Amino acid sequence: MLFRSGQLSSAGVDVFAREPVEADNPLLDLPNVVLAPHIGSATVQTRSRMASLAADNMIAALRGEQMPFCVNPEVYKG
(Lines give C-alpha, C1' and ligand atoms only; values in the text may rest on other atoms or scores of the structure.)
Protein backbone atom coordinates (compact mmCIF):
# COMPACT_ATOMS: atom_id res chain seq x y z
CA MET A 1 0.00 0.00 0.00
CA LEU A 2 1.38 3.42 -0.95
CA PHE A 3 0.66 4.92 2.47
CA ARG A 4 2.73 2.32 4.28
CA SER A 5 5.60 2.39 1.79
CA GLY A 6 6.25 6.11 2.27
CA GLN A 7 5.53 6.97 -1.38
CA LEU A 8 2.65 9.20 -0.23
CA SER A 9 3.14 11.34 2.86
CA SER A 10 -0.54 11.73 3.64
CA ALA A 11 -4.06 11.56 2.26
CA GLY A 12 -7.57 12.77 2.93
CA VAL A 13 -10.38 10.45 1.85
CA ASP A 14 -14.05 11.42 1.72
CA VAL A 15 -15.63 8.71 -0.49
CA PHE A 16 -15.25 4.96 -0.19
CA ALA A 17 -16.28 2.04 -2.37
CA ARG A 18 -18.55 0.91 0.47
CA GLU A 19 -20.15 3.40 2.82
CA PRO A 20 -20.11 3.68 5.68
CA VAL A 21 -16.46 2.67 5.70
CA GLU A 22 -16.04 -0.86 6.96
CA ALA A 23 -14.48 -1.32 10.41
CA ASP A 24 -11.69 -3.50 9.02
CA ASN A 25 -10.60 -0.95 6.37
CA PRO A 26 -6.78 -0.71 6.65
CA LEU A 27 -6.88 3.06 6.17
CA LEU A 28 -8.42 3.42 9.62
CA ASP A 29 -5.15 2.37 11.25
CA LEU A 30 -2.83 4.74 9.39
CA PRO A 31 -1.66 7.90 11.16
CA ASN A 32 -1.07 9.78 7.88
CA VAL A 33 -4.63 9.39 6.56
CA VAL A 34 -7.62 11.56 7.43
CA LEU A 35 -11.01 9.99 6.75
CA ALA A 36 -14.27 11.92 6.46
CA PRO A 37 -17.78 10.45 6.31
CA HIS A 38 -18.62 11.62 2.76
CA ILE A 39 -19.23 15.21 3.83
CA GLY A 40 -16.89 17.05 1.46
CA SER A 41 -19.80 18.96 -0.04
CA ALA A 42 -21.38 19.84 3.28
CA THR A 43 -20.57 23.55 3.36
CA VAL A 44 -23.45 25.97 3.73
CA GLN A 45 -22.59 27.56 0.38
CA THR A 46 -22.48 24.22 -1.47
CA ARG A 47 -25.68 22.87 0.07
CA SER A 48 -27.48 26.14 -0.63
CA ARG A 49 -26.42 26.00 -4.29
CA MET A 50 -27.46 22.33 -4.54
CA ALA A 51 -30.92 23.20 -3.20
CA SER A 52 -31.21 26.11 -5.64
CA LEU A 53 -30.29 23.92 -8.62
CA ALA A 54 -32.77 21.25 -7.55
CA ALA A 55 -35.52 23.86 -7.17
CA ASP A 56 -34.75 25.32 -10.60
CA ASN A 57 -35.00 21.83 -12.12
CA MET A 58 -38.27 21.12 -10.34
CA ILE A 59 -39.87 24.39 -11.41
CA ALA A 60 -38.86 23.85 -15.04
CA ALA A 61 -40.15 20.26 -15.01
CA LEU A 62 -43.48 21.31 -13.52
CA ARG A 63 -43.82 23.91 -16.27
CA GLY A 64 -43.11 21.24 -18.89
CA GLU A 65 -39.78 22.83 -19.77
CA GLN A 66 -36.35 21.27 -20.11
CA MET A 67 -34.60 21.17 -16.74
CA PRO A 68 -31.62 23.56 -16.85
CA PHE A 69 -29.39 21.37 -14.68
CA CYS A 70 -30.41 17.92 -15.90
CA VAL A 71 -27.78 15.25 -15.19
CA ASN A 72 -28.83 13.16 -18.19
CA PRO A 73 -29.92 15.66 -20.88
CA GLU A 74 -30.11 12.85 -23.44
CA VAL A 75 -33.65 12.27 -22.19
CA TYR A 76 -34.64 15.37 -24.16
CA LYS A 77 -33.32 14.07 -27.48
CA GLY A 78 -36.23 12.59 -29.36
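This text goes with the structure placed above it.
Predicted, not measured: the structure shown is a model, and the values here were computed from it. (Residues numbered from 1 in each chain as written. Predicted model: local features only at pLDDT ≥ 70, side-chain atom pairs only at ≥ 80, totals over all residues. Heavy atoms only, no water.)

**Q** I would appreciate a short explanation of helix 2 (residues 44-62) in the present structure.
**A** The periodicity of an α-helix, 3.6 residues per turn, causes residues three or four positions apart to be oriented the same way. Between the first and last C-alpha of helix 2 there are 27 Å, a value that for 19 residues agrees with the 27 Å anticipated at 1.5 Å per step. Positioned one or two residues after helix 2, Gly64 has a phi angle of 80°, which is positive. (Helix = DSSP H or I, 4+ residues; strand = E, 2+ residues; numbered from the N terminus. Expected span 1.5 Å × (residues − 1).)

**Q** How should I be thinking about the pattern of salt bridges in this particular structure?
**A** Opposite charge on two side chains lets them pair, provided their charged atoms get close. Under the defined criterion, the tally for this structure stands at one salt bridge. Among the ionic pairs, Glu22 bridges to Arg18, the shortest N-O distance being 2.9 Å. According to the relative accessible area criterion, Arg18 is exposed, its value standing at 58%. (Salt bridge = Lys/Arg side-chain N within 4 Å of Asp/Glu carboxyl O. Buried < 20%, exposed > 50% of the residue type's maximum accessible area, 1.4 Å probe, protein only.)

**Q** Sorry if this is basic, but what is going on with a nonpolar patch on the surface here?
**A** Side chains of Met58, Ile59 and Leu62 sit close together on the surface and give an oily, nonpolar patch of about 320 Å² of accessible area. Inspection of the secondary structure assignment puts Leu62 in helix 2. Judged by its relative accessible area of 70%, Leu62 falls in the exposed class. (Patch = residues over 30% accessible without salt bridge, like charges linked within 9 Å, V, L, I, M, F, W, Y side chains within 5 Å. Areas by Shrake-Rupley, 256 points an atom, 1.4 Å probe, with all protein chains shown as cover.)

Shape descriptors only; they carry no functional weight alone.
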